[in-house]
Amino acid sequence: MGELLKDLGSWLTSGDQWSGVDGIANRLAEHLEYSLIATVIAAVIALPIGLLIGHTGRGAFLAINLSSFGRALPTVGLIVLVFLASGLSMTPVYVSLVALAVPSIVTNTYAGMRAVDPEVRDAARGQGMRAHQVLLRVEVPLAAPLIMTGLRLALIQVVATATIAAYVSFGGLGRYVFDGLAQRDLVQVLGGAVLVAAVALVLDLALAGVQRALFAPPKDSRTDHTP
């Protein structure tokens, strides 16, 4: 075990391993590209759905169940099906990653919208706000922390699953996992897994920090100096 960890450390820190087309830097850039594109596409699809059903209260049962169905789909199986229909391209990978990300965004957006106090909505309407103004000026700002949580969960899930791009001969950090398995190179397999886990952890911590900074409750500026 000690020898394996030593070899893994050497593999991760080798200068040659970080350079070139097959280097860690390039594979990391590919992995982040796949993950960010898929998450943005998922957000474009899921946010309007979550906002609509949360604002109107209509279609929630159908939307949430469809989202859960998308989460239950086997990712590799979905890739194979889309691959048979579209041929060798990144389309199957993006379809699978988007299908994985949509449920978290929809459910958290809906939950955030429904958590808004109905009295706040009524007060906004009482001030003469129209439906879209209530949505954009009242509901969305109040639901934003949960919406952000959904985006954060979706991105981390996508990052962890984007290794499947290598399954259809594309790049990303999954290349080390699949190539390592094919070559029976345990160090390369572990290296790829460690890199994916590290990227997911760093992004999660970064987004958690952003979320705290944006949505932390304001501190009371008044200080009680009474002994």
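Residues numbered from 1 in each chain as written. Predicted model: local features only at pLDDT ≥ 70, side-chain atom pairs only at ≥ 80, totals over all residues. Heavy atoms only, no water.

### So, the confidence of the model for the protein chain
So, point 1. Of the residues in the protein chain, 87% reach a pLDDT of 70 or more, and the chain-wide mean stands at 85.
So, point 2. Taken element by element, the protein chain is modelled with least confidence in helix α5 (residues 75-86), mean pLDDT 67, and with most confidence in helix α3 (residues 24-56), mean pLDDT 93.
So, point 3. Residue range residues 221-227 is modelled with pLDDT below 50. Its contacts to residues more than four positions away, or to other chains, number 0 contacts. (pLDDT = per-residue confidence, 0-100. Helix = DSSP H or I, 4+ residues; strand = E, 2+ residues; numbered from the N terminus. Contact = heavy atoms within 4.5 Å.)

### Concerning the packing of α3 against helix α6 (residues 91-114)
So, point 1. Contact geometry for α3 and α6: axes closest at 7 Å, N-to-C directions at 35 degrees. In the crossing of α3 with α6, the sense of the turn from one axis to the other is right-handed.
So, point 2. When its residues are assigned to classes, the contact of α3 with α6 shows 21 nonpolar, 4 polar and 2 charged. (Axes fitted to C-alpha atoms, helices over the stretch in contact; angles between N-to-C directions. Left-handed = near helix turned anticlockwise from the far one by under 90°. Nonpolar A, V, L, I, M, F, W, Y, C, P; charged D, E, K, R; others polar.)

### Looking at the environment of Ile45
So, point 1. With respect to the helices, strands and loops of the structure, Ile45 is situated in helix α3.
So, point 2. Judged by its relative accessible area of 41%, Ile45 falls in the partly exposed class.
So, point 3. Sequence-wise, Ile45 and Ile105 are 60 residues apart; in three dimensions their C-alpha atoms are separated by 9.3 Å.
So, point 4. Setting aside residues no more than four positions away along its own chain, Ile45 makes contact with Val98 and Val102. (Buried < 20%, exposed > 50% of the residue type's maximum accessible area, 1.4 Å probe, protein only.)

### A look at the pattern of salt bridges
So, point 1. Considering all chains together, one arrives at 6 salt bridges under this definition.
So, point 2. For Asp122, the salt bridge goes to Arg125, with nearest N and O atoms at 3.3 Å. With Asp122 and Arg125 both in helix α7 (residues 118-126) and 3 residues apart, this pair spans about one turn of that helix.
So, point 3. Of the residues examined, Arg125 reaches a relative accessible area of 43% and is grouped as partly exposed.
So, point 4. Its salt-bridge partner being Asp204, residue Arg152 comes within 2.7 Å of it at the nearest N-O pair. (Salt bridge = Lys/Arg side-chain N within 4 Å of Asp/Glu carboxyl O.)

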